[in-house]
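Coordinate analysis (summary)
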Amino acid sequence: MSTCNITQQVDNVNLLFFHLLLYNSGKRRLCHADDLDNLISLKVSLGYSEGTYLGRARQFDRYCSMKYEKAGELTEGIVLNWLKPEPGEPRSVIHGRAAFIRGFGTYLKSVGKNAYILPDKFTAGGTVFVPYLFGDDELAALFREIDTYKYPKEPFRPLLLSTYFRMTYTCGLRPNEGRNLKRNEVDLNTGEVRIIETKKHKSRNIVMSDEMNSLAKSYAAVRDAAFPESEFFFPSPSGGPYSARWMQGKFKRFFALSKPDVPKDLLPSVRVYDLRHRFATAVLNRWLDEKKDLGSRLPYLQTYMGHKDLEATAYYIHLLPENLIKLAGIDWEGMNHLIPRVELWEK
C-alpha cells in the first residue's frame, strides 16, 4: 500500500474519531450534527484541515445542546445569541465564530435547507458589533460610579457626565446626539429635546421624563454659570463638544470601577451606545409586560429613536431573552424579513 493511501486512511480514522467525540458525547445527536459532520467532510475533501473547523463545530454543537436542543433550523436568534461575547473574550475570537457560523449558514443554504446567513457587514471595519446589555444591578452599579465621581480640577465635570450619560440612557440617544446637542435644542420648560440630523436635514422631538427634566434644569443652572458663552448643552473646557473617544474612555472607566472584582482583561467590551440598546430593550420589555403587540408598536419606537428603517428597530426584539419571546408568543418567522442586513450602529 502506498504512503499516500496510508496517510489518507489515517486522516479518515482521525476524522471519524473526532466526529464521534464531538457529536456522540452523552449519546445525543442534535438537529445540526449531521450537517456539521457533512460540512467538515466537505472541507476535508477540498483539502482543508479538519482542525480548522472542528473546534468551532464542537463549540457550536455544545452551545446548541444547552440552548437549542429542539431547534429545527439555523435561525437569526441562534446565530446572534451565539455571537454574544463572554466576559473578557477578545474580538478576534468573536470574529472566528462569526466566520464559522456564516460559512455554516452558507453551506446549509447550498444544500437546500433554510438557514440564516450572517451578513458580511456584521463584522465590517474590523469590529464585531455585538451589543452589551446591562442587567438592572449592573446599570445601578454603573450609575453609582458615575454619580460619585469627583474631579477637583474641574468641579463641573462630574455633574456634566452624570447628566450626559443619564440623558443618553433615559432618552435612548445616540452618543453623538447628546455630545453635539445645542442649548437652544433643549426646552427645559416642556422637557422637549430636539434632535437635528444635519446631514439628512431631518429632526425628531424627544420628551424627557419629569425626573430627567428636573436633573437637566439643575445641571443647566450650573453650566450657565461655568460656560455662559458656549452654545453646546454639554460643553468641554474649550467650549466645544467632547470627542467620542474621550467620552467612551470615561464610560469604560466607570464600568470597570463598577466591577472591582473582575480583572481588567476579563471585562466585557462596552460602549456608550450600549445605553441606547438598553433603553430600546427596556421599552420592549415593558410592552411585553403590558401584553402589547410588538409588531404594531415598533413604528412608534422607530420614530422615537430616529431609525430610518423599521428593520433597525426590529433588531432589538432579537436581543430580548428568548424565554420572554416565547412567553409573548412572538412569531419569529414573521419577523425574519425585518432583520437588517446592513450596519446598524453609528458612533
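A few points on the structure. Since the structure is predicted, the reported quantities are computational estimates derived from the model, not experimental observations. (Residues numbered from 1 in each chain as written. Predicted model: local features only at pLDDT ≥ 70, side-chain atom pairs only at ≥ 80, totals over all residues. Heavy atoms only, no water.)

1. Points about the pattern of salt bridges
Side chains that differ in charge, positive against negative, can pair when their charged atoms come close. Rules: We define a salt bridge as a contact between a side-chain nitrogen of Lys or Arg and a carboxyl oxygen of Asp or Glu at a distance within 4 Å. Numbering of helices and strands runs from the N terminus, with a helix taken as a DSSP run of H or I at least four residues long and a strand as a DSSP run of E at least two residues long. Buried means the residue's accessible area, taken with a 1.4 Å probe over protein chains only, is under 20% of the maximum for its type, while exposed means over 50%, and partly exposed covers the values in between.
Inspection of every chain in the model, using the stated rule, returns 11 salt bridges. Two residues, arginine 157 and glutamate 154, come together in a salt bridge whose shortest N-O distance is 3.1 Å. The shortest N-O distance in the salt bridge between lysine 182 and glutamate 231 comes to 3.5 Å. Of this pair, lysine 182 sits in the loop between α8 (175-179) and β1 (186-187) while glutamate 231 sits in the loop between α9 (210-226) and α10 (244-257), and the two are 49 residues apart along the sequence. According to the relative accessible area criterion, glutamate 231 is partly exposed, its value standing at 46%. Within the structure, one salt-bridge network assembled from shared partners comprises Arg174, Glu177 and Arg204.

2. Digging into helix α11 (residues 273-289)
The condition that has to hold: Between the first and last residue of a helix there are one fewer steps than residues, each counted as 1.5 Å, and that sum is the expected span.
With 17 residues, α11 should cover 24 Å at 1.5 Å per step; its first-to-last C-alpha distance of 25 Å lies within 8% of that length. Along α11, 13 of the 17 residues are buried, which leaves the element largely enclosed by surrounding structure. Lysine 291 occupies a position one or two residues after α11 and carries a positive phi of about 60°.

3. Observations regarding the packing of helix α6 (residues 136-147) against helix α7 (residues 156-170)
We count it as follows: All axes are obtained by fitting lines to C-alpha atoms, using only the stretch in contact for helices, and the reported angles, taken between N-to-C directions, cover 0 to 180 degrees. Oblique is the label for any angle not covered by the other classes, which are roughly parallel (under 35 degrees), roughly antiparallel (over 145) and roughly perpendicular (65 to 115). Crossings are assigned a handedness: left-handed for a near helix turned anticlockwise from the far helix by less than a right angle, right-handed for a clockwise turn. By definition, residues are in contact when any of their heavy atoms lie within 4.5 Å. Residues were grouped as follows: Ala, Val, Leu, Ile, Met, Phe, Trp, Tyr, Cys and Pro as nonpolar; Asp, Glu, Lys and Arg as charged; and all remaining residues, including Gly, as polar.
Their axes nearest at 9 Å, the elements α6 and α7 cross at an angle of 155°. With respect to their mutual orientation, α6 and α7 come out roughly antiparallel. Between α6 and α7 lies a crossing of left-handed hand. Contacts between α6 and α7 involve Leu139, Phe143, Ile146 and Asp147 on the former and, on the latter, Leu161, Ser162, Phe165, Arg166 and Tyr169. Taken together, the residues that form the contact of α6 with α7 break down as six nonpolar, one polar and two charged.

4. Points about unusual backbone geometry
Even without a glycine there, the phi angle at lysine 291 is positive, about 60°. With respect to the helices and strands, the residue lysine 291 is situated in the loop between α11 and α12 (294-305).

5. Some details on the packing of aromatic side chains
To describe a pair of aromatic rings, one takes the distance between the centres and the angle between the planes. To keep it simple, the criterion reads: Here is the rule: rings of Phe, Tyr and Trp (six-membered ring for Trp) pair when centre to centre is within 6.5 Å. Planes less than 30 degrees apart are stacked, more than 60 are edge-to-face, and the remainder are tilted.
Summed over the entire model, instances satisfying the criterion amount to 22 aromatic pairs. Seen from their ring centres, tyrosine 149 and phenylalanine 254 are 5.3 Å apart, and the 75° between their planes marks the pair as edge-to-face. Here phenylalanine 254 lies in helix α10 and tyrosine 149 lies in the loop between α6 and α7, a separation of 105 residues in the sequence. Taken individually, tyrosine 149 and phenylalanine 254 each receive the classification buried, so the pair is uniform in this respect. On the basis of an interplanar angle of 50° and a centroid distance of 5.5 Å, the ring pair of tyrosine 219 and phenylalanine 233 is categorised as tilted. Here tyrosine 219, found in helix α9, pairs with phenylalanine 233, found in the loop between α9 and α10; they are 14 residues apart in sequence, far enough to count as distant. Residue classification places phenylalanine 233 among the buried residues on the basis of a relative accessible area of 1%.

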